[in-house]
Amino acid sequence: CGTDAPQAAAREDGARPKDPPALRAAALWALNPIHLLVLGALAHTSWRVARYVARRGMLALLARSRRFWAGAAVYLAWMVAGAAAAPSVEITGQVLPIAAPETTELDPSRPYIVCCHPHGIIGFGTWLNFGMHATVKGDVFPGVNLHCLGASAWFYIPLLREFALAHAMGSVEKETVVTILGRGDSVAINLGGAREALDASAGRYVLHLGRRKGFVRCALETGASLVPVMSFGENEVFSVHVAPAGSLVRRLQDGLTSLSGSTIPIFHGLPYAPLLPKRSPIVTVVGEPIEVPLKPDYTPEDVDTIHATYVEAVVRLFEDHKAAAGFSQLTLAIV
């Protein structure tokens with residue numbers, strides 16, 4: 001419920017009809033530059049394989065493809081054992097100084113939507129604290145079975161899909177969220193989505209929360225409590241160029257977000273490795289849970305009331321802890 005994907009539960013206009021899945025998939029495949037590189041490599045390889053098979057036959061290809069079988073065996077072992085996850089967490093923990101979150105005790109007998117802010121470029125606070133357990137041994141919330149969910153766009157792109165699954169992520173589609181909460185488990189979501197990543201500037205947190213109410217509907221349908229979470233320093237690990245509203249760059253970014261649920265922010269991290277985050281601390285604080293009644297036949301007024309209560313809790317959490325976290329100069333805007 002916290003992404004810009006057309007079928008996500010946090011869609012700003014709940015009455016807007018869902019875009020056809022085929023259109024969304026086509027947009028992701030056509031516009032994502034990473035996929036273009038992967039698709040080009042696959043096309044080149046497929047052409048060479050097709051020529052070889054046409055000349056010598058499939059059995060000859062399989063007999064000679066020792067590298068293929070060796071690579072397939074290693075890849076299968078990696079997928080089954082999840083061996084790639086642990087080294088990446090260790091490396092990230094060494095590069096990025098992130099402390100264990102200041103938590104609130106949660107009753108493990110009920111489901112929760114752990115709502116994380118701000119989104120930043122990647123959402124390190126959410127991913128490392130709740131998805132990878134990189135900052136604590138065991139569960140952040142003892143007894144709470146927590147699933148870290150991310151943008152559904154990741155699961156349409158080859159290689160990125162495998163990366164997300166290997167790192168214990170799931171899609172944030174509404175059907176997924178409601179299913180997980182309905183069986184008594186909990187989810188952690190970055191509510192801001194792709195649009196908030198475009199405004200991830202240091203020193204000022206712009207939360208795209210004012211019109212996002214899908215997560216409240218999920219809570220009402222399942223009786224899940226809302227848990228506000230603030231990761232101070234999330235926007236500081238990357239330097240982001242925020243394109244002015246109305247500029248050509250921003251219109252292109254917003255258009256891509258509306259079409260595919262994904263976006264391409266302009267950012268960099270370390271000077272010698274732009275895709276790696278800067279060594280800036282992240283301090284995560286967990287607020288008190290907001291109880292939400294189980295009410296499948298909710299009204300718009302129910303949604304608005306709980307949403308207003310949640311926004312007030314987020315603002316209070318930010319103001320009460322920013323100085324202690326070492327970010328006293330931060331400002332907050334809800335849009």
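In this text, all values refer to a predicted model and were calculated from it rather than measured experimentally.

S.K.: Any details on the packing of aromatic side chains? Residues and values, ideally.
M.R.: In the structure shown here, the tally under the stated rule is 8 aromatic pairs. A centroid spacing of 5.9 Å and a plane angle of 10° characterise the contact between Phe130 and Phe141, whose relative ring orientation is stacked. Taken as a pair, Phe130 in helix α6 (residues 124–131) and Phe141 in the loop between α6 and β2 (146–150) lie far apart in primary sequence, 11 residues in all. The class of Phe130 is buried, set by a relative accessible area of 1%. Taken together through their ring pairs, the aromatic side chains of Phe124, Trp127, Phe238 and Phe267 make up a single cluster.

S.K.: Now, about the sheet that holds strand β3 (residues 169–171): what can you tell me, with residues and values included?
M.R.: Pairing is mixed in the open sheet, where 6 strands are placed in the order β3-β2-β4-β1-β6-β9. Strands at the two margins of the open sheet, each flanked by one partner only, are β3 and β9 (283–286). Mean inter-strand twist for the sheet, computed between neighbouring axes without regard to direction, equals 30°. Of the pairings in the sheet, the one linking β2 to β3 comprises 3 bridges and is parallel in character. Pairing of Gly150 across the sheet is with Ser171, part of β3. Where α6 meets the sheet, it contacts β1 (112–117), β2, β4 (186–190), β6 (225–232) and β9, and its direction lies at approximately 150° from that of β2. Here helix α8 (residues 174–182) sits on the sheet and contacts β1, β2, β3 and β4; the angle it forms with β4, its principal contact strand, is near 145°.

S.K.: Go over the packing of α8 against helix α10 (residues 214–222) with me, naming the residues and quoting the values.
M.R.: Where α8 meets α10, the closest approach of the two axes is 10 Å, and the angle between their N-to-C directions is 35°. By crossing handedness, the relation of α8 to α10 is classed as right-handed. Between α8 and α10, the contacting residues are Lys174, Val177, Val178, Leu181 and Gly182 on the first element and Cys218, Glu221 and Thr222 on the second. For the contact of α8 with α10, a count of residues per class yields 4 nonpolar, 2 polar and 2 charged.

S.K.: I'd like a description of the environment of Ile180, backed by residues and values.
M.R.: The topology assignment puts Ile180 in helix α8. Ile180 sits in the buried class, given a relative accessible area of 6%. Ile180 has contacts with His147, Leu149, Asp185, Ser186 and Val187, leaving out every residue within four places of it along the chain.

S.K.: I'd love a proper account of the side chain of Glu196, names of residues and values included.
M.R.: Looking at the element boundaries, Glu196 is found in helix α9 (residues 193–197). A distance of 2.8 Å separates the side chain of Glu196 from the backbone nitrogen of His208, its partner in a polar contact. The contacts of Glu196, once residues within four sequence positions are left out, are Pro118, His119, Val206, Leu207 and His208.

S.K.: How would you explain helix α12 (residues 300–321) if you had to name every residue and give the values?
M.R.: For α12, spanning 22 residues, the distance from its first C-alpha to its last is 32 Å, which sits close to the expected 32 Å at 1.5 Å a residue. Buried residues of α12: Asp302, Val303, Ile306, His307, Tyr310, Val311, Ala313, Val314, Leu317 and Phe318, and no others. The arc that holds every buried residue of α12, seen down its axis, measures 160°, which confines them to one face. Those residues of α12 that are exposed and aimed more than 90 degrees away from the buried face are Glu301, Thr305, Glu312 and Asp320. At its buried positions, α12 is contacted by β1, β5 (204–207), α10, β6, β9 and β10 (331–334).

S.K.: With reference to specific residues and values, describe the pairing of β2.
M.R.: Across the 5 residues that make up β2, a large majority, 4, are buried. Across 3 bridges, β2 lies against β4 in parallel orientation. Counterpart to His147 in the pairing with β4 is Val187.

S.K.: Tell me about α8, residues and numbers included.
M.R.: All buried positions along α8 are accounted for by Val177, Ile180 and Leu181. Burial along α8 is one-sided: seen end-on, the buried residues are contained in an arc of 95°. Close packing links the buried residues of α8 with β1, β2, β4 and α10. Gly184, located one to two residues past α8, shows a positive phi value of around 95°.

S.K.: Lay out the side chain of His208 in plain terms, naming residues and giving numbers.
M.R.: With respect to the helices and strands, the residue His208 is situated in the loop between β5 and α10. In this structure the side chain of His208 is engaged in a polar contact, spanning 2.7 Å, whose partner is the side chain of Asp199. Setting aside residues no more than four positions away along its own chain, His208 makes contact with Leu191, Gly192, Arg195, Glu196, Asp199 and Val335.

S.K.: I'd love a proper account of the pattern of salt bridges, names of residues and values included.
M.R.: All chains considered together, the criterion is met by 9 salt bridges. A salt bridge links Lys213 to Asp304, with the shortest nitrogen-to-oxygen separation between them at 2.7 Å. Taken as a pair, Lys213 in the loop between β5 and α10 and Asp304 in helix α12 lie far apart in primary sequence, 91 residues in all. With a relative accessible area of 38%, Asp304 lands in the partly exposed category. Here the residues in one salt-bridge network are Arg195, Asp199, Arg250 and Asp254, joined through shared partners.

Here is what the cut-offs are and how they apply
- Residues numbered from 1 in each chain as written.
- Predicted model: local features only at pLDDT ≥ 70, side-chain atom pairs only at ≥ 80, totals over all residues.
- Heavy atoms only, no water.
- Phe/Tyr/Trp six-rings, centres within 6.5 Å; stacked < 30°, edge-to-face > 60°.
- Helix = DSSP H or I, 4+ residues; strand = E, 2+ residues; numbered from the N terminus.
- Buried < 20%, exposed > 50% of the residue type's maximum accessible area, 1.4 Å probe, protein only.
- Pairing = 2+ DSSP bridges.
- Axes fitted to C-alpha atoms, helices over the stretch in contact; angles between N-to-C directions.
- Contact = heavy atoms within 4.5 Å.
- Left-handed = near helix turned anticlockwise from the far one by under 90°.
- Nonpolar A, V, L, I, M, F, W, Y, C, P; charged D, E, K, R; others polar.
- Polar contact = N/O pair within 3.5 Å; in protein donor to acceptor, adjacent residues only side chain to side chain.
- Expected span 1.5 Å × (residues − 1).
- Arc of directions from axis to C-beta.
- Salt bridge = Lys/Arg side-chain N within 4 Å of Asp/Glu carboxyl O.

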